[in-house]
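Below, each chain spelled out in residue letters.
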Amino acid sequence: MRHTTRAALPFATTFVAFTASASDARYNLQTPVTGIAEQIHGMHMLMLLICLVIFVAVFGVMFWSVFKHRKSKGAVAAHFHENTAVEIAWTVVPVLILLGMAYPATKTVIAMKDTSNPDITIKATGYQWMWGYDYLKGEGEGVRFVSMMSTPREQIEGAAAKGPNYLLEVDNPVVVPVGKKIRILTTANDVIHSWWVPAFGVKQDAIPGFIRDTWFRAEQEGVYRGNCAELCGKEHGFMPIEVHVVSAEKYAEWVAAQKKRMAEQAQPAAPQASANPATAG
Ligand SMILES: [Cu+2]
């Protein structure tokens, strides 16, 4: 947002003051925690500003003309057509505006697609209706779990008061270290789902039979929430995504705990494990 407001127009200060007051994300996009989300936020504000300027300019001229040249003042309509200068201006100006919008948008889209050299690669699989996660590469490799919504049914049915993270909480959150490039591979087991975490600026469809990818590098520790963003069936609204961004030490602890849990779970099933190695995974 900072670099867009540098092109400050006289009345832009009011606009900027408004957006600053809306930084609690109640009236705007969620507060960005990745470089990409920051760019998306900046572009959103820039384009809103451009639209506002056009709106004020067009309606200003229109209302001024209607008022100034009204019939009661004896105005007589001019009879002219084909003004070459005006025609060139109303072609060139919109083209320049569109180029001004396309340039930052293209830059961001290209950056969003650059999934090269990740520190950690995680596969997110959409199921009806939960997410499965496999840590494929990097620290934590081999960790896998299923993540289901943990909001109690009583809250959904109105029998209990809604909690603060209503429909946005899970039993097993995704845990990632802060400041590391995380590549997310998305796919699905049944129908199309979509892995969406607004604060990361990430939204990637998960399509059965295909692998798509996206990435993020969270710059701040914290808990970030999203949801499946593809209409995927009757419980589409009940498959949230919860990501915990933690320090490197905490992440190492979490990985150790997960490995221990998986080893314990694999133990009692040992006699069958040889018959079906996938369950020992
Ligand atoms: Cu879904």
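Nothing here was measured: the structure is a model prediction, and the numbers come from that model. (Residues numbered from 1 in each chain as written. Predicted model: local features only at pLDDT ≥ 70, side-chain atom pairs only at ≥ 80, totals over all residues. Heavy atoms only, no water.)

Student: Which parts of the structure should I look at to understand the UniProt feature "transmembrane region" (unreviewed entry) in the protein?
Tutor: UniProt marks residues 46–67 and 88–106 with the feature "transmembrane region" (unreviewed entry), using the numbering shown here. The span residues 46–67 shows a helical share of 100% and a strand share of 0%, and its end C-alpha atoms are spaced 31 Å apart. Between the end C-alpha atoms of residues 88–106 there is a gap of 26 Å, over a span that is 100% helix and 0% strand. (UniProt positions renumbered as here; feature names shortened; annotations may be inferred. Helix = DSSP H or I, 4+ residues; strand = E, 2+ residues; numbered from the N terminus.)

Student: Where do I start with the environment of K107 in this structure?
Tutor: Its place among the elements puts K107 in helix α3 (residues 84–113). K107 sits in the exposed class, given a relative accessible area of 51%. (Buried < 20%, exposed > 50% of the residue type's maximum accessible area, 1.4 Å probe, protein only.)

Student: I would appreciate a short explanation of the sheet that holds strand β1 (residues 120–127) in the present structure.
Tutor: Through backbone hydrogen bonds, the strands of a sheet pair up, either in parallel or in antiparallel fashion. With mixed pairing, 5 strands are arranged side by side in an open sheet as β3-β2-β1-β5-β8. The open sheet terminates on both sides in strands that have one partner only, identified here as β3 (144–147) and β8 (212–216). Taken over all neighbouring pairs, the strand axes of this sheet differ in orientation by 25° on average, direction set aside. Inspection of the sheet shows β1 paired to strand β5 (residues 182–188) by 7 bridges, in the parallel sense. (Pairing = 2+ DSSP bridges. Axes fitted to C-alpha atoms, helices over the stretch in contact; angles between N-to-C directions.)

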